[in-house]
Amino acid sequence: MRIILLGAPASGKGSVGERIREEYGFPKISTGDLLREAVRKKTSLGLKAETQLGKGGLVDDDIVLGLLRERLGNPDCHAGYILDGFPRNLSQAQSLAALDGQRRELVFEIQVREDVLVKRISGRRICPSCEAIFNIHTKRPRREGICDVCGAKLLQRNDDRAELIPARKETYRTKTEPLTSYYGEKGILCKVDGNGTVEETLRPIKTVIDEELGKTGGKRIQL
Ligand code: ADP
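Given the structure is predicted, the values throughout are model-derived calculations rather than measurements.

Enquirer: Help me understand the layout of surface pockets, please; the structure alone is not making it clear to me.
Expert: Empty pockets left among the atoms are what a rolling probe the size of a water molecule brings to light. The calculated volume of the second largest pocket comes to roughly 320 Å³. Looking at the lining of the second largest pocket, the element that brings in the most residues is helix H2 (residues 31–41), giving three residues. A breakdown of the residues in the lining of the second largest pocket according to their chemical character gives six nonpolar, three polar and six charged.

Enquirer: Help me out: how do you make sense of the pattern of salt bridges in this one?
Expert: Pairing of side chains with opposite charge becomes possible as their charged atoms draw close. Here the structure, examined in full by the defined rule, presents 23 salt bridges. Notably, a salt bridge pairs aspartate 100 with arginine 2, separated by 3.6 Å at the nearest N-O pair. Placement of the pair is aspartate 100 in the loop between helix H5 (90–99) and strand E4 (105–111) and arginine 2 in strand E1 (residues 2–6), with a sequence separation of 98 residues. The exposure classification of aspartate 100 matches that of arginine 2, with both residues buried. The partner of arginine 71 in a salt bridge is aspartate 76, and the shortest N-O contact between them spans 2.8 Å. With relative accessibility at 19%, the residue arginine 71 sits in the buried group. For aspartate 76, a relative accessible area of 35% translates into the label partly exposed. One connected set of salt bridges, linked through shared partners, spans Arg19, Glu22, Glu23, Glu199 and Lys206.

Enquirer: So what exactly am I meant to see when it comes to the environment of glutamate 22 here?
Expert: For glutamate 22, the position within the fold is in helix H1 (residues 13–24). Within the structure, glutamate 22 has its side chain in polar contact with the side chain of arginine 19 (distance 2.9 Å).

Enquirer: For this particular structure, what's the right way to read the packing of aromatic side chains?
Expert: Aromatic ring pairs: the centre-centre distance and the angle between the two ring planes describe each pair. A complete count under the given rule lists one aromatic pair for this structure. Geometrically, the ring pair formed by tyrosine 182 and tyrosine 183 is edge-to-face, given 4.9 Å between the ring centres and 75° between the ring planes. Tyrosine 182 sits in the buried class, given a relative accessible area of 19%.

Calculation notes
- Residues numbered from 1 in each chain as written.
- Predicted model: local features only at pLDDT ≥ 70, side-chain atom pairs only at ≥ 80, totals over all residues.
- Heavy atoms only, no water.
- 1 Å grid on protein atoms, 1.4 Å probe; cavity = no way out; pocket = protein on both sides within 12 Å on 5 of 7 lines; lining within 4 Å.
- Points joined across faces, edges and corners; volume = space filled by probe spheres on them.
- Helix = DSSP H or I, 4+ residues; strand = E, 2+ residues; numbered from the N terminus.
- Nonpolar A, V, L, I, M, F, W, Y, C, P; charged D, E, K, R; others polar.
- Salt bridge = Lys/Arg side-chain N within 4 Å of Asp/Glu carboxyl O.
- Buried < 20%, exposed > 50% of the residue type's maximum accessible area, 1.4 Å probe, protein only.
- Polar contact = N/O pair within 3.5 Å; in protein donor to acceptor, adjacent residues only side chain to side chain.
- Phe/Tyr/Trp six-rings, centres within 6.5 Å; stacked < 30°, edge-to-face > 60°.

This is the structure:
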């Protein structure tokens, strides 16, 4: 089983993906996280990605694919996985099909209104240490500026700065949104309303996954 989450920046892919992971046990793979980690660790792909990250555009396909290929080789992906932030353009979708084409696939497009997106992006704070996500408007940490999970100091992501938001939106509209037609034509796309809470967004997604797991005789993985 492969679950792909599509949605504009700050539509909630990361938070919803995390809840799917908790519910079903499939690992959640965020290419944004993989890229930031590679940059932090100064790996060869990380050094290549560094100059391209945080500009509002996409990082080169070969860098992202290199990181993803490595991650999918991990045994925890054997039974299935959740993709957050990949594919982001048609050529990545085709590469994914070539890399691991045999899996059952479900694609969810999380749809969120413009005003909600702006509020989420401007309020988002991330933990640089454990990648937990907070929001100063809607999901405040217990202690201001401090991660509830690991106690590190929270930061605003470099690319969440207001001046980069138009470029990120434009990248989504021109490069990623066409994937909804690609997956729609395959009959595996479900559109979900992402304007509410994470739990509200999750509910219809779970119904679809449960149905699919029932069809394929799949099981929830025990974490
Ligand atoms: P968001 O979805 O909120 O923009 P991510 O953490 O998913 O944030 O991604 C951050 C940045 O990393 C993106 O703006 C882009 O530059 C880069 N990136 C992430 N995933 C990909 C991908 N699949 N292909 C190309 N670039 C990517």
